[in-house]
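# Observations on chain architecture
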Amino acid sequence: MKYFALLLLVGTAVLLEAKMQNVTVKGIAVCNKRRLANTLVELWDRDTLDPNDLLATVHTNSEGEFMLSGGEDEVGSIEPFVRFTHNCNAKPGCSRVADYDVPKDKINGEYEMTYVTLDIVVRGEKEKC
């Protein structure tokens, strides 16, 4: 019983230290100098000890524009990133998945990605077929 009480006390202390953090990300997805409509854009929070948290999801509009906002109660700083799932220069029947980190100084603010050039392969990019 002592261990349970200690665990409960530590858990409560950690929760009290957690603070809500958020970010808004917006931009325009392009492929080969053309705006890319209906592209899946997701805002995630990278976690070390547990699975990453999905904060928001949207598809680009007919002009390739997107805006998402999301937040998380975290101890320490959130590590947001934006994931694009698209078919720009992908093999037939496949999708490319690319992640872009949100700069730490944009947490609790707005990150304007401007034009996201999806025809350029980024490090760590994956292909789903």
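Small disclaimer: the values here were computed from a predicted structure and weren't measured. (Residues numbered from 1 in each chain as written. Predicted model: local features only at pLDDT ≥ 70, side-chain atom pairs only at ≥ 80, totals over all residues. Heavy atoms only, no water.)

Turning our attention to the environment of M67. By secondary structure assignment, the location of M67 is in strand β5 (residues 65-74). Sequence separation between M67 and V41 is 26 residues, and the spatial gap between their C-alpha atoms is 8.9 Å. In this structure M67 touches T24, V25, K26 and V58, once residues within four positions along its chain are discounted. (Helix = DSSP H or I, 4+ residues; strand = E, 2+ residues; numbered from the N terminus. Contact = heavy atoms within 4.5 Å.)

A few words on the state of the cysteines. What the rule picks out here adds up to 2 disulfides. The side chain of C31 participates in a disulfide bridge whose partner is C88; the two sulfur atoms lie 2.1 Å from each other. Because the sign of the S-S torsion sets the handedness, a value of about 85° for the bond joining C31 and C88 places this disulfide among the right-handed ones. With C31 in strand β1 (residues 19-31) and C88 in the loop between β6 (80-86) and β7 (95-101), the pair connects residues that are 57 residues apart, well separated along the chain. In this structure C31 comes out as buried when scored by relative accessible area, which is 12%. On the accessibility criterion, C88 (1% relative accessible area) is buried. Put simply, C94 and C129 are joined by a disulfide, and their sulfur atoms are 2.0 Å apart. Negative torsions about the S-S bond denote left-handed disulfides, and the value of about 105° found for C94 with C129 makes this one right-handed. Placement of C94 in the loop between β6 and β7 and of C129 in the segment after β9 (126-128) is noted, with a sequence separation of 35 residues between them. Judged by its relative accessible area of 9%, C94 falls in the buried class. Counting only the cysteines that form disulfides, in the order they appear in the protein chain, gives the pairing 1-2, 3-4. (Disulfide = S-S within 2.5 Å. Buried < 20%, exposed > 50% of the residue type's maximum accessible area, 1.4 Å probe, protein only.)

This brings us to the side chain of T85. Assignment of secondary structure puts T85 in strand β6. Judged by relative accessible area, which is 16%, T85 ranks as buried. Not counting residues up to four positions away in its chain, the partners in contact with T85 are T39, L40, S95, R96, V97 and K128.

The quantities given are spatial measurements derived from coordinates; they are silent on function.
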